[in-house]
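Tertiary structure, described
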Amino acid sequence: MIACFSFHAGKGFMRARSAGVNGDLAVADHWVENHKRDSWRRQAKASGYRARSAFKLKQIQERFQLVREGDFVLDVGCHPGGWAQVAVELVGEKGKVVGVDLEPCAPVEGAVLLTGDITDPMTQERILGELEGELLNVIVSDISPHITGKWDMDQSVALTLVADVMDFSLPLLKKGGGFTTKLFQGVGVEELIRAVRPHFSSVRRFSPDASRNSSSEVYLVCKHHTPWKAPKTSLRQRFEAELDVVLGGSEIADEPEPVASSFKVLKKKTKEDIEER
Ligand SMILES: C[S@@+](CC[C@H](N)C(=O)[O-])C[C@H]1O[C@@H](n2cnc3c(N)ncnc32)[C@H](O)[C@@H]1O
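Residues numbered from 1 in each chain as written. Predicted model: local features only at pLDDT ≥ 70, side-chain atom pairs only at ≥ 80, totals over all residues. Heavy atoms only, no water.

Some remarks on the packing of aromatic side chains
All told, the structure shown has five aromatic pairs when counted by the stated rule. Relative to Y219, the ring of W83 lies with its centre 5.8 Å away and its plane at 40°, an arrangement referred to as tilted. With W83 in helix 3 (residues 82-91) and Y219 in strand 7 (residues 217-225), this residue pair connects regions lying 136 residues apart in the sequence. An identical accessibility class is assigned to W83 and Y219; each is buried. (Phe/Tyr/Trp six-rings, centres within 6.5 Å; stacked < 30°, edge-to-face > 60°. Helix = DSSP H or I, 4+ residues; strand = E, 2+ residues; numbered from the N terminus. Buried < 20%, exposed > 50% of the residue type's maximum accessible area, 1.4 Å probe, protein only.)

What follows is the structure, given as structure tokens:
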């Protein structure tokens, strides 16, 4: 461990010397982040959790007491199963946890983990089948789409996915229920949060310590579901409509309204025009 520490520190110092003061800070920050992330990973391993992300849900729970014993929880984007493990602990024997992910998950005792795309109607049918007509107390979503590396595109796809998850799952959430979801900060976050607000009486942003420092991820923690106050229209449509206004609109209307104008084209008279008179 000490060898690892000095190796990184030494390497960072050498790079920083050529990069100047700002480079020095950037390298130091990077090292601290990596060190923290590794420390959460080690803790996860030592505690028997499959992923360091388990600590993010634990920290959300410590702060907001989202999940209670006996609750019915839907875990969206559950692979490899860290949140499902924590959710099972929190709901206890009387509770129920259903998870869904594109990737198959190794079983977690006490949870039903489905493989499929949550936006696919067939997967949605399977989730409804697991609910057996019951409503959920809490939805926890750590979903993040496949990253292409093109930051703007990834971030915008991630926000749309969150809106889709909400459109599908909010009707399954009990009155008074809770919801948490990962968001990536950037264009559209404020508009998405505005679209979510009418559905809950409390909507807060939270950055767990277990999230990487440099990461733009933040969790939205929503409590006290208020379905009677929420608009009946699709959350994704409201979000995209607001975003369109901010971005100045992305589409040209099919048949634009004719615009009255006093502008006239003056053509030079031809010989024929003159002869016609
Ligand atoms: C950060 S991981 C979740 C980690 C998990 N919370 C844990 O603690 O083990 C995000 C997951 O979202 C899943 N995902 C992305 N798009 C999805 C979709 N449309 N439907 C279901 N899962 C999806 C990915 O496959 C990925 O496993």
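Brief notes about the packing of helix 5 (residues 151-169) against helix 7 (residues 235-247)
Packing of helix 5 against helix 7 brings their axes to within 8 Å, and their N-to-C directions diverge by 145°. Two secondary-structure elements touch here, helix 5 through L159, T160, A163, D164, M166 and D167 and helix 7 through L235, R236, F239 and E240. Classifying every residue of the contact of helix 5 with helix 7 gives five nonpolar, one polar and four charged. (Axes fitted to C-alpha atoms, helices over the stretch in contact; angles between N-to-C directions. Contact = heavy atoms within 4.5 Å. Nonpolar A, V, L, I, M, F, W, Y, C, P; charged D, E, K, R; others polar.)

Focus: unusual backbone geometry
Cis geometry marks the peptide bond from H79 to P80; its omega dihedral reads 5°. Among the structural elements, P80 can be located in the loop between strand 1 (72-76) and helix 3. Positive phi, normally seen in glycine, also occurs at Q65, with a value near 45°. Mapped onto the elements, Q65 comes out in the loop between helix 2 (53-64) and strand 1. Accessibility expressed as a relative area gives 48% for Q65, which makes it partly exposed. Even without being a glycine, H224 presents a positive backbone phi close to 65°.

Side note on the confidence of the model for the protein chain
Averaged over all residues, the pLDDT of the protein chain is 84; the fraction at 70 or higher stands at 75%. Contacts from residues 1-19, a stretch scored under 50 in pLDDT, to residues over four places away or in other chains number eight contacts. Confidence drops under a pLDDT of 50 for residues 272-277, and excluding neighbours within four residues, the segment shows two contacts in the predicted structure. (pLDDT = per-residue confidence, 0-100.)

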